[in-house]
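Geometric and topological summary
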Amino acid sequence: QLQASGGGLVQAGGSLRLSCAASGLTFSSYDIAWFRQAPGKEREFVAGIRRSGGNTRYVDSVKGRLTISRDNAKNTVYLQMNSLKPEDTAVYYCAAGRIIISTVSTPWAYTYWGQGTQVTVSS
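Note that this is a predicted model, so its numbers are computed, not measured.

Calculation notes
- Residues take numbers from 1 onward in each chain, read along the sequence in its written order.
- For this predicted model, a pLDDT threshold of at least 70 governs which residues receive local features, and a threshold of 80 or more governs which side-chain atom pairs are given and counted, while totals over whole chains, interfaces and linings are taken from all residues.
- The side-chain figures draw on all heavy atoms in the structure; neither hydrogens nor water molecules are used.
- When the centres of two rings from Phe, Tyr and Trp lie within 6.5 Å, Trp using its six-membered ring, the rings pair. Their planes under 30 degrees apart give stacked, over 60 give edge-to-face, and anything left gives tilted.
- Only DSSP runs of H or I covering at least 4 residues are called helices, and only runs of E covering at least 2 are called strands; the numbering of each starts at the N terminus.
- Accessibility here uses a 1.4 Å probe with only protein chains present; expressed as a share of the type maximum, an area under 20% marks a residue as buried, one over 50% as exposed, and anything in between as partly exposed.
- Any Lys or Arg side-chain nitrogen found within 4 Å of a carboxyl oxygen on Asp or Glu counts as a salt bridge.
- Two N or O atoms form a polar contact when they lie within 3.5 Å of each other; inside protein one atom must be a possible hydrogen donor and the other a possible acceptor, and for residues adjacent in sequence the pair counts only when both atoms belong to side chains.
- Strands are treated as partners if at least two bridges between them are detected by DSSP.

**Quick look at the packing of aromatic side chains**
For the coordinates displayed, the defined rule picks out five aromatic pairs. Ring geometry for Y30 against Y112: centres 5.7 Å apart, planes inclined by 70°, an arrangement best described as edge-to-face. Taken together, the residues Y30 in the loop between β3 (16-22) and β4 (31-37) and Y112 in strand β10 (residues 112-113) connect sequence positions 82 residues apart. Residues F35 and F45 carry aromatic rings whose centres are separated by 5.7 Å and whose planes lie at 75° to one another, so their mutual orientation is edge-to-face.

Shown next, in the form of structure tokens:
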């Protein structure tokens, strides 16, 4: 029900835009987040956006470089990734849930998950 796309290989300093398309759910009723998981590491919260689109949150390491947005008319969330660094290399997952704000960064708070898209940043 969530389909992530847009990953790829990019040099450090480059940009990518990830998309997460939803189907089979009332998209505008769900908060959406992007998580990432690098080899040997735990899944990490990257960015989240409330169902209205008016409130966003980011992990400190991506602030000023990554931007999350959503288009409820297209049932799609985007993650614009600029000034990419090698440490951004991971599989990126989108997730949807009806969450309370205190749990925005916790994976278990989300009900639906996309399949993941690989982002590789070379130095």
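**Some details on unusual backbone geometry**
Even without a glycine there, the phi angle at N75 is positive, about 55°. With respect to the helices, strands and loops of the structure, N75 is situated in the loop between β7 (66-71) and β8 (76-81). Residue classification places N75 among the partly exposed residues on the basis of a relative accessible area of 26%. Notably, S83 is not glycine yet its phi reads approximately 50°, a positive angle.

**Let's talk about the pattern of salt bridges**
Counted according to the given criterion, the structure contains six salt bridges. Ionic pairing is found between D31 and R50, a salt bridge with its closest N-O pair at 3.4 Å. Of the two residues, D31 is situated in strand β4 and R50 in the loop between β5 (44-49) and β6 (56-58); the sequence distance between them amounts to 19 residues. The exposure class assigned to R50 is partly exposed, which follows from its relative accessible area of 24%. Across the salt bridge formed by D31 and R51, the nearest N and O atoms sit 2.8 Å from each other. Remark: R51 occurs in the loop between β5 and β6 and D31 occurs in strand β4; sequence separation between them is 20 residues. Within this structure, R36, E44, R65 and D88 form a network of salt bridges that share partners.

**Section: the side chain of R65**
On the secondary structure map, R65 appears in the loop between β6 and β7. Residue classification places R65 among the buried residues on the basis of a relative accessible area of 9%. In terms of polar contacts, R65 uses its side chain to reach the side chain of D88, at 2.7 Å.

**As for the pairing of β7**
Along β7, the buried face is formed by L66, I68 and R70; none of T67, S69 and D71, which line the opposite face, is buried. With six bridges connecting them, β7 and β8 associate as antiparallel partners. Bridge pairing links S69 to Y78 in β8. In this structure, the hairpin formed by β7 and β8 is closed by a connection of four residues, where N75 is found at a positive phi of approximately 55°.

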